[in-house]
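Secondary and tertiary structure notes
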Amino acid sequence: MLGWGLSSRPKFETVPDNTSVESAEAFFVESLEAWREKNQIDKMMLAGHSMGGYISVAYAEKYPQRVERLILLSPVGVPENKIDDLANFVNALPFTTRLALKTFRFMFGQGITPSMFLRSMPQSRSKQLVEGYVERRLPSIECPEEKSVLANYLHQNAMLPGSGEHCLSRILNPGAFAKKPLLYRIPLLNVKSVHFLYGQNDWMDAKGGIDVQKLCSERRGDGSHSPQVHVYGVKNAGHLLMLENADEFNSALIMAGGGEHALSPDSPKPEQFDYLNTNHEGFFRQSRLKAQQEKEQESADTVGDATESVQTTQ
């Protein structure tokens, strides 16, 4: 995307009315449309990862005639922001964790990005932090050379002038919840199909994709147009699923693109999920929020059982 990776990095501050969600989305959407037109691509399968998934939906809203199918790889901004649930979760955390989280949320609200934080450090220290991130987050990458190349790439990206990263606080609330959730936007898209790919240990909540699938099905049942939605789960992978389980991710991407017939019988296959059953609940790692809620409910039930037992004994 424009302003990310090794793409051009225009100053985001030059965008008119750059404090609104719409102008931040347009920064990426219009640059993608200019790229498509320049390359004379009439229609495309559009895939985007994380924030790229969010922007892909915004692009499909404005230019549906250019999108053959939409493939969302662990997209950010799908679920609705349930403020009360999030507040209860944060308040239940240990004090030091709660303080660190509130500090991060304050910095995020002020437009301070992780890359800005890294650029403020000596390069030797920022490089160490990136190398530590790769070591902790991507244990599936065992080759030392591959780890080194990836760390260098990520560090180089972080050191480049800030650009697209400044859209984050315009589009997202702290906690990576979108100000305009995709949950209610995708069912209105005028495209044929939308395909979600999540890692089994993804920190993006796969239930967002399942909920979109349900809403789209209900709209079609009422006679309204809505995309066909497919949800895939890549085993032993997290948010960076293309790095953590490349073989199964590749199969999932081929299937999402309509090429399942071309896969060999021994190709690793992702799991597929449907909102009509609950098998996804046993596959995907529980979100931290849901796990905390269930733990609190379990504690309340235990206290209730103990109280009842004491009353019966008396």
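Everything here concerns the structure above.
All of the points below concern the structure found in this document. Bear in mind that the values here come from a model prediction, so they are computed numbers and not experimental data.

Rules used throughout
- Residues numbered from 1 in each chain as written.
- Predicted model: local features only at pLDDT ≥ 70, side-chain atom pairs only at ≥ 80, totals over all residues.
- Heavy atoms only, no water.
- Pairing = 2+ DSSP bridges.
- Helix = DSSP H or I, 4+ residues; strand = E, 2+ residues; numbered from the N terminus.
- Axes fitted to C-alpha atoms, helices over the stretch in contact; angles between N-to-C directions.
- Contact = heavy atoms within 4.5 Å.
- Salt bridge = Lys/Arg side-chain N within 4 Å of Asp/Glu carboxyl O.
- Buried < 20%, exposed > 50% of the residue type's maximum accessible area, 1.4 Å probe, protein only.

1. Some words on the sheet that holds strand S7 (residues 271-273)
Strand order in the open sheet made by the five strands is S1-S2-S5-S6-S7, with mixed pairing throughout. With one partner strand each, in any of the chains shown, strand S1 (44-49) and S7 form the two edges of the open sheet. Each strand axis lies, on average, 20° off the axis of its neighbour in the sheet, ignoring direction. Here strand S6 (residues 228-234) runs beside S7; their pairing, made up of three bridges, is antiparallel. Residue pairing in the sheet places Val 231 in a bridge with Phe 273 of S7. Contacts from helix H9 (residues 207-221) reach strand S5 (193-199), S6 and S7 within the one sheet, and its direction differs from that of S6 by about 160°.

2. Overview of the pattern of salt bridges
Taken as a whole, this structure holds 13 salt bridges when the rule is applied. Between Arg 66 and Asp 42 there is a salt bridge, with the nearest N and O atoms lying 3.0 Å from each other. Placement of Arg 66 in the loop between helix H2 (51-62) and strand S2 (67-73) and of Asp 42 in the loop between helix H1 (21-38) and S1 is noted, with a sequence separation of 24 residues between them. With relative accessibility at 21%, the residue Arg 66 sits in the partly exposed group. Notably, a salt bridge pairs Lys 147 with Glu 135, separated by 3.1 Å at the nearest N-O pair. Highlighted residues: Lys 147 in helix H7 (residues 144-159) and Glu 135 in helix H6 (residues 123-137), separated in sequence by twelve residues. Take Glu 135: its relative accessible area is 47%, and that puts it in the partly exposed class. A cluster of three or more residues bridged by salt bridges with shared partners is formed by Glu 25, Glu 61 and Arg 185.

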